[in-house]
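Observations on the three-dimensional arrangement
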Amino acid sequence: MSGAASPLSDSPALAAADVARGIGRLFARNDIWCLAEVPLKNGRRADLMGVDPKGLIVIVEIKVARADLLGDTKWPDYLDFCDRFYWGLPPGLDRSALESEAYRPATCGVIVADGYDAEILRPAALDPLAAARRKTQIEHLARVAMRRHTALLDPLCAAPDALT
């Protein structure tokens, strides 16, 4: 992973996009394919959600500011929708809070990423979904991906609000 920060990392929105890009590259090398901003049935939106080669679902919650990390009390809501959960952080962010029991270090993995690459610092534990839940989630993820792909090929084919 490159130690240099992205030239655009002063903006939290761009820093989050940098982290997502780095994680996407790491995942792609490991045959994990993901989408950004995937809506979940509980009203939450996963920053990154993907499927690994074994059909297991991975969710990554990206945090680029310490206050956002410490203030997020809704993150456990993602655990019912994945087999593995990771925190995705930029290299300079203090991650010491992720060692406390409130952040379930025995369950949740940690990935550090910049706009070029990423590294898993702590693997996420496997907490298998029920087969029916996994099937539903994979079908949902596939439909989101197909809608987005179709809209890229033909922007007039899908309504903008149907892209989520």
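Notes on the structure follow.

Digging into the sheet that holds strand β1 (residues 33–39)
- Pairing is mixed across the open sheet formed by six strands, whose spatial order is β1-β2-β3-β4-β5-β6. Whereas interior strands pair on both sides, the edge strands pair on one side only; in this sheet they are β1 and β6 (118–122). Strand-to-strand twist in this sheet, taken as the mean axis angle between neighbours without regard to direction, amounts to 30°.
- Sheet analysis places strand β4 (residues 84–89) next to strand β5 (residues 109–113), joined by four bridges and oriented parallel. Following the sheet pairing, W87 is matched in β5 by V110.
- Contacts from helix α3 (residues 131–153) reach β1, β2 (45–51) and β3 (57–62), with the element oriented near 90° to β1.

Some remarks on the state of the cysteines
- A full pass over the atoms with the stated rule returns zero disulfides.
- Cysteine C82 shares no disulfide, and the gap to the nearest cysteine sulfur, in C108, comes to 8.2 Å.

A few points about the environment of A46
- Considering the arrangement of structural elements, one finds A46 in strand β2.
- Sequence separation of A46 and L35 is eleven residues, and the distance between their C-alpha atoms is 9.0 Å.
- Ignoring sequence-local partners within four residues, the contact set of A46 consists of A36, E37, V38, L40, I59 and Y78.

Each value, and the rule that gives it
Residues numbered from 1 in each chain as written. Predicted model: local features only at pLDDT ≥ 70, side-chain atom pairs only at ≥ 80, totals over all residues. Heavy atoms only, no water. Pairing = 2+ DSSP bridges. Helix = DSSP H or I, 4+ residues; strand = E, 2+ residues; numbered from the N terminus. Axes fitted to C-alpha atoms, helices over the stretch in contact; angles between N-to-C directions. Contact = heavy atoms within 4.5 Å. Disulfide = S-S within 2.5 Å.

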